[in-house]
Amino acid sequence: MPEQKTKPHTGDVAEFLAQVESDQKRADSHVLVELMSEVTGEPPVLWGTMVGFGQYHYRYPTGHEGDAFLVGFAPRKAAFSIYLMGTYFPEENERRAALLAKLGKHRMGKACLYVNKLSDIDLDVLRKLAEISVTKLRQTYPDK
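In this text, all values refer to a predicted model and were calculated from it rather than measured experimentally.

What's the story with the side chain of Ser133 in this structure? I'm lost.
One can find Ser133 in helix H4 (residues 123–140). Of the residues examined, Ser133 reaches a relative accessible area of 0% and is grouped as buried. Of the polar contacts made by the side chain of Ser133, one reaches the backbone nitrogen of Gly86; its length is 2.8 Å. Apart from residues no more than four positions distant in its own chain, Ser133 is found in contact with Leu70, Val71, Leu84, Met85, Gly86 and Thr87.

Even after reading the chapter, I still don't get the nonpolar core, so can you show me in this structure?
Inside soluble globular proteins, nonpolar side chains tend to come together where they are buried. Phe73 and Ile82 are the most contacted members of the largest nonpolar core, which totals 37 residues. Of the residues forming this core, the biggest block, seven residues, is contributed by H4. Discounting chain neighbours no more than four positions away, the residues touching Phe73 are Leu17, Ser29, Leu32, Val33, Met36, Met50, Val51, Phe53, Phe80, Ser81, Ile82 and Tyr83. Listed in part, the six residues of the second largest apolar core include Trp47, Met50, Phe69 and Cys112.

I tried to follow the sheet that holds strand E2 (residues 50–53) on my own but got confused; where do I start?
Sheets are built from strands paired through backbone hydrogen bonds, the pairs being either parallel or antiparallel. Pairing is antiparallel in the open sheet, where six strands are placed in the order E1-E2-E5-E6-E8-E7. Strands at the two margins of the open sheet, each flanked by one partner only, are strand E1 (44–47) and strand E7 (107–108). Where E1 meets E2, four bridges bridge the pair, whose relative direction is antiparallel. Bridge pairing links Pro44 to Phe53 in E2. Across the sheet, helix H2 (residues 23–40) lies against E1, E2, strand E5 (71–75) and strand E6 (80–83), angled at about 175° from E5, the strand it touches most.

Would you mind showing me how to read the environment of Arg76 here?
One can find Arg76 in the loop between E5 and E6. Taking the C-alpha atoms as reference, Arg76 lies 9.0 Å from Thr49; in sequence the two are 27 residues apart. With near-sequence residues (within four places) excluded, Arg76 lies in contact with Lys25, Thr49, Met50, Ser81 and Tyr83.

Looking at this structure, I do not really get H4. What am I missing?
One turn of an α-helix holds 3.6 residues; hence residues three or four places apart share an orientation. With 18 residues, H4 extends 26 Å between its outermost C-alpha atoms, agreeing within 8% with the 26 Å of an ideal straight helix rising 1.5 Å per residue. Of all the positions in H4, only Val125, Leu126, Leu129, Ala130, Ile132, Ser133, Val134, Lys136 and Leu137 are classed as buried. Turning to H4, the residues buried within the fold contact H2, strand E3 (56–59), E5, E6, helix H3 (93–103) and strand E8 (112–115). A side-chain oxygen of the first residue of H4 lies 2.9 Å from the backbone nitrogen of Asp124; this N-cap is Asp122.

Looking at this structure, I do not really get the packing of aromatic side chains. What am I missing?
What describes a pair of aromatic rings is the distance from one ring centre to the other and the angle between the planes of the rings. Applying the stated criterion to the full structure yields six aromatic pairs. Their ring planes at 75° and their centres at 5.4 Å tell us that Trp47 and Phe69 sit as a pair that is edge-to-face. Placement of the pair is Trp47 in strand E1 and Phe69 in the loop between strand E4 (65–68) and E5, with a sequence separation of 22 residues. Exposure remark for Phe69: the relative accessible area of 5% places this residue in the buried category. Each ring, one from Tyr56 and one from Tyr141, has its centre 5.2 Å from the other, and the planes form 25°; the classification is stacked. Residue Tyr56 is located in strand E3, and its partner Tyr141 is located in the segment after H4; the two are separated by 85 residues in the primary sequence. Since its relative accessible area comes to 7%, Tyr56 is described here as buried.

Scoring rules and cut-offs
- All residue numbers here refer to positions counted from 1 along the written sequence of the relevant chain.
- At least 70 in pLDDT is required for a residue's local features to be given in this predicted model, at least 80 for side-chain atom pairs to be given and counted, and no such filter applies to totals for whole chains, interfaces and linings, which use all residues.
- Computation of side-chain values covers all heavy atoms of the structure but excludes hydrogens and water.
- Helix and strand labels come from DSSP, where a helix needs a run of H or I of at least four residues and a strand needs a run of E of at least two; each type is numbered from the N terminus.
- Only protein chains enter the accessibility calculation, which uses a 1.4 Å probe. A residue is then buried if its area is under 20% of the maximum for its type, exposed if over 50%, and partly exposed in between.
- Pairs of N or O atoms are called polar contacts if they sit within 3.5 Å, as long as, within protein, a hydrogen donor faces a hydrogen acceptor (for residues adjacent in sequence, only side-chain-to-side-chain pairs).
- It only takes one pair of heavy atoms within 4.5 Å for two residues to be counted as in contact.
- What is meant by a nonpolar core is a set of buried Ala, Val, Leu, Ile, Met, Phe, Trp, Tyr and Cys residues, joined one to another through side-chain atoms within 4.5 Å.
- At least two DSSP bridges between two strands are required for those strands to pair.
- Only the contacting stretch of a helix is used when fitting its axis, a line to C-alpha atoms as for every element, and angles between N-to-C directions run 0 to 180 degrees.
- Given the number of residues in a helix, its expected span is that number minus one, multiplied by 1.5 Å.
- Two rings from Phe, Tyr or Trp (for Trp, the six-membered ring) form a pair when their centres are within 6.5 Å of each other. A pair whose planes differ by under 30 degrees is stacked, one over 60 is edge-to-face, and the rest are tilted.

Have a look at this one:
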């Protein structure tokens, strides 16, 4: 099996965020760090160019396995990518859809939420989505 490319490393999160070009995006990044630290009870860790919180080990029926963060974000130039893998489970679709309807201006991929700036969304709703994601992943993959 090929080695997993995205994994945690010892880079400095504060230094990484200090390099974010936009003052607004940098400030929003610090808000996300605080929110996600509170939801997970875990410190921020760099995973490549993503800031992740917590960790779990997954193993699929196909035999593919690896490690990933519970929730995280990447301050991309165009928009924030906010990773909510635990909301992508079929049994979470209804709750996720109801919350996304209240969130504000966003785009949603399978498990990745795209937000231009935090003032476009309701942070309480984002917190609930992050809580669902973390709870579901911890229930599904309790080994880590």
